[in-house]
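Residues per chain are reported as follows:
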Amino acid sequence: MDEEEQKKVIDLVKELVHRLISQNPQNPNFENSLRYALRILSSRLTPSIAPDASAIAESIKRRLATQGNSSDALTFSDLFSKFSSKTGPGSVNNKWALLYSLKIISDDRKGSKAVVNSSSLLPNLPLNDSQFTNHLNGKENRKLGCRNNGVLLVNKDPENLREIAFREFKNIVKEENEVSEEVLVRDVLYCCQGIDGKYVKFDATIDGYVLSDLVKVPRATRVMVRKLCELGWLFRKVKGYISDCMDGFPAEDSGTVGQAFCAALQDELSEYYKLLAVLEAQAMNPIPLVSESANSGNYLSLRRLSVWFAEPMVKMRLMAVLVDKCRILRGGAMAGAIHLHAQHGDLLVHEFMTRLLKRVCSPLFEMVRSWVLEGELEDIFAEFFVVSQPVKAESLWREGYRLHAGMLPSFISQSLAQRILRTGKSINFLRVCCDDRGWADAATEAATAAGTTTRRGGLGYGETNALESLVIEAAKRIDKHLLDVMYTRYKFKEHCLAIKRYLLLGQGDFVQYLMDIVGPELSEPANTISSFKLAGLLESAIRSSNAQYDDPDILDRLRVKLMPHGSGDRGWDVFSLEYDANAPLDTLFTESVMARYLRIFNFLWKLRRVEHALIGAWKTMKPNCITSHSFNKLQQAVKLQLLSTLRRCQVLWDEMNHFVTNLQYYIMFEVLEVSWSNFSNEMEVARDLDDLLAAHEKYLYSIFEKSLLGERSQSLCKSLFNLFDLILQFRSHADRLYEGIHELQARTMETSLSSRDKSKARRQTNDTSSEPGSWLSDGRKALTQRASEFLRNMGQELDAIASEYTSLLEGFLAQLPVQQHVDLKFLLFRLDFTEFYSRLHPNV
């Protein structure tokens, strides 16, 4: 800017000041006002706030309103709207600078302090006080310096006006501040270490550090001190938690994760102490006033302190939040809560939380490593998400270990936690129940395959992929080793097949021979049966059948068991077989599982008993049907009655045999064999012991549901057992019928023989005693009457049994279509494949 332009600017400023003073008669000092305006315009510093005209206008309007000048606020709002809407030639481009300048001038004039403003409205105006003073005094000696790198250098103020202004400013600062800024800075640094300063102390009533009201300082300084002392308040919270954790809390309350958290916080505070030491060293240097000799030396002011505290404030706030969050947490729950705060977009926060979590999660990941690779649960303070409880060996797999959802950190998924649980369970099962040590080699191979090590410290926070890889490799190898041990060393498949053959009556010759030799014994009352005798009969059945070629270890496990009985029970009602499965097989063949096998055996045993009874009835009926023609001596009516009764018995036997044969075929083939085939396939593809348990459970459930033993088939099962009881009742009636026929046959033969002897005697003695009423006639008559009465009674009993059987069978068949299991509907098709029942009884 040349001299002519500077003169023009000064003339404009003089005219503006003159007009303003002429409108305000209370301010006649033209020269001082002009000097003040020129000093403002000559300022070179830039403002520290963002340029926003609307925000400045809103601040001015709010201040006018709070001071009670509502009308002025409305007037200003109207003027600003007109001012901001004006564009084009003659309008002001930098509206924000003008509003900001007016606001600063207003604030400065109201305080009656001629302090040089730190903001610049015209930063490119290279004028100083001496030049404007010389211009006002008419002096032309304006010696301007040359430009150096684009900066205009001006000559020194010959009248020392700036030094005078600085001295005035220093006096004003001393009048407004009873305490120097250096003292306040030191007090703030003390407070940030949890120590009360000389003027700034902790107030328990408001829970914070405050500057005493008796100390005279500007309001802005008081606010800044309070904001800076927030760091001290946060420090007290964090330091108090660390002290409680190290000294106050019992070890079981904090745990290893809590102690690691405290140690990590202590390390962060150590870095914080180092920063405070540096700041305290800088605080020893005096704070220079704003002058030409001021430079950016190593001094510390409140404003500089706010810059230094920016990063520590963020970290301390995070630590204080974590302290409040984790005070009642421990173990995995604590690690999960801290992890949630690490999900932050700020790089500083993310790095800080990651560093903190590496320390906090170190004990937790060590527990995972020890559990997955060694099967050791080093959880003294109950912090791990796997919980153990003392149980018997047979319950170790199912009940020995479980997941504690409350201790599962959020950075470990539920599926990964289940794998971790199962891997450690497999190792403990091999160690405790199988007495096996081959898992150690499998664990070492898993660590090698996952690219980690079996030593401590191999895993840490942020290495979730490595953890998952290790768990997957360990689970795959250890589970495979466990199944190999169960299949090879403990012959699980062979034992399942043995249970199918003996408890599920799949070994036909053994079952038939056993039923034949124990039948007479089981027909006795239950309280008279000897289990030792039955055990001997079982041994005889094994030696007399192909069962003798089985593994002796399997045969030794097969035993006789007599169930509790009541009065009136027969041996058939209490006899059963059991299979002794010791560790580790008892993990799969538990007491509840063997109880279900026992229920299935009782059902199959009763079905076989009914089949055996019908076969026995057939053996009784066949020869008697052949010899029934020997009753030719009886009357024709009696012979017809006999043949009718025999035919009725034969037809009823055929119906019952048809039902039992098809039912047995369905049970033995459609139920047992199909279920066994599916179970065998699932055993082949099982990947771990849980899969094997699930396959075995599914196998049992399938047999239960298809055999009418399920909860939804109770009424159907009851109807079936009623049919069984009726068939056994028919067997007893058939035996009585043929025993009576055998007796009548013997009496008939005896009567015929006696009649021939007596006829021969009469011919020799010419005796004519063959008339009616003789002994022979009376004998035949009594025999015929007795035969007729017996056959009539037996026919009535057979008719009653047939009627009841038909009714029960109809009820049983009527329930089959409504069953939910599809195989039970297939049973109806097998029983009624000729549609005999559906045509005879349309309701079926």
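Below is a short write-up of the structure. Keep in mind the model is a prediction, meaning the values are calculated, not measured. (Residues numbered from 1 in each chain as written. Predicted model: local features only at pLDDT ≥ 70, side-chain atom pairs only at ≥ 80, totals over all residues. Heavy atoms only, no water.)

**Some points on the overall build of the protein**
Item 1. Helix and strand counts for the protein stand at 32 helices and eight strands.
Item 2. Taking all 844 residues of the protein together, the buried fraction comes to 44%.
Item 3. Counting only contacts in the protein whose residues sit at least 6 apart along the sequence, the fraction spanning at least 24 positions is 72%.
Item 4. Roughly 44500 Å² of accessible area belongs to the protein as shown, and the carbon and sulfur atoms make up 52% of that amount. (Helix = DSSP H or I, 4+ residues; strand = E, 2+ residues; numbered from the N terminus. Buried < 20%, exposed > 50% of the residue type's maximum accessible area, 1.4 Å probe, protein only. Contact = heavy atoms within 4.5 Å. Areas by Shrake-Rupley, 256 points an atom, 1.4 Å probe, with all protein chains shown as cover.)

**Remarks on the packing of aromatic side chains**
Item 1. This model, assessed by the stated rule, comprises 25 aromatic pairs.
Item 2. Between Trp572 and Trp605, the aromatic rings sit 5.9 Å apart at their centres with planes inclined by 35°, giving tilted as the arrangement. Here Trp572 is found in helix α25 (residues 571-574), whereas its partner Trp605 is found in helix α26 (residues 591-627), with 33 residues between them in sequence. For the pair Trp572 and Trp605, one class covers both residues: buried. (Phe/Tyr/Trp six-rings, centres within 6.5 Å; stacked < 30°, edge-to-face > 60°.)

**Brief notes about the pairing of strand β8 (residues 575-579)**
On a regular strand, one side chain projects to one face of the sheet and the next to the other, so that they alternate.
Item 1. The buried fraction of β8 is high, at four of five residues.
Item 2. In the sheet, strand β7 (residues 558-562) pairs with β8 via five bridges, with the strands oriented antiparallel. The partner of Arg559 across the bridge, within β8, is Glu578. (Pairing = 2+ DSSP bridges.)

**With respect to the state of the cysteines**
Item 1. Enumeration over the complete set of coordinates arrives at one disulfide.
Item 2. The disulfide partner of Cys245 is Cys262, and the S-S distance across this bridge is 2.4 Å. In this structure the cystine formed by Cys245 and Cys262 twists about its S-S bond by roughly 120°; its chirality is therefore right-handed. Residue Cys245 is located in helix α10 (residues 230-248), and its partner Cys262 is located in helix α11 (residues 251-283); the two are separated by 17 residues in the primary sequence. With respect to burial, Cys245 and Cys262 carry one shared label: buried.
Item 3. Take Cys192: it sits in no disulfide, and the sulfur closest to it among the cysteines is that of Cys229, at 6.1 Å. (Disulfide = S-S within 2.5 Å.)

**A closer look at the nonpolar core**
Item 1. Membership of the largest hydrophobic core comes to 210 residues, with the highest contact counts inside it found for Phe385, Phe510 and Phe812.
Item 2. With 18 residues, helix α27 (residues 636-685) is the single largest residue contributor to this core.
Item 3. Dropping the residues within four chain positions of it, Phe385 is found in contact with Val368, Arg402, Leu403, His404, Met407, Leu408, Pro409, Ile412, Ala417 and Ile420.
Item 4. Counting twelve residues, the second largest nonpolar core, distinct from the first, contains Leu64, Ala73, Phe80 and Ile104. (Core = buried A, V, L, I, M, F, W, Y, C linked by side-chain atoms within 4.5 Å.)

**Looking at the pattern of salt bridges**
Pairing is possible between side chains of opposite charge, provided their charged atoms come close.
Item 1. Taken as a whole and judged by the stated rule, the model has 31 salt bridges.
Item 2. A salt bridge links Lys237 to Asp324; the nearest nitrogen and oxygen atoms lie 3.4 Å apart. Within this pair, whereas Lys237 is found in helix α10, its partner Asp324 is found in helix α13 (residues 310-326), the two being separated by 87 residues in sequence.
Item 3. Overall, the relative accessible area of 44% leaves Asp324 in the partly exposed class.
Item 4. Of the charged contacts in the structure, one is a salt bridge between Arg543 and Glu539, with a shortest N-O distance of 3.7 Å. Of the two residues, Arg543 and Glu539 both sit in helix α23 (residues 531-543), four residues apart, roughly one turn of that helix. (Salt bridge = Lys/Arg side-chain N within 4 Å of Asp/Glu carboxyl O.)

**Remarks on unusual backbone geometry**
Item 1. In this structure, Pro584 follows Ala583 across a cis peptide bond, with omega equal to 0°.
Item 2. For Pro584, the position within the fold is in the loop between β8 and α26.
Item 3. The backbone phi angle of Asp207 is positive, close to 55°, even though this residue is not glycine.
Item 4. With respect to the helices and strands, the residue Asp207 is situated in the loop between β3 (200-203) and β4 (208-211).
Item 5. Judged by relative accessible area, Asp207 falls into the partly exposed class, the value being 41%.
Item 6. At Leu505, a residue that is not glycine, the phi angle is positive and equals roughly 55°.
Item 7. Examined against the element boundaries, Leu505 turns out to sit in the loop between α21 (492-502) and α22 (508-522).

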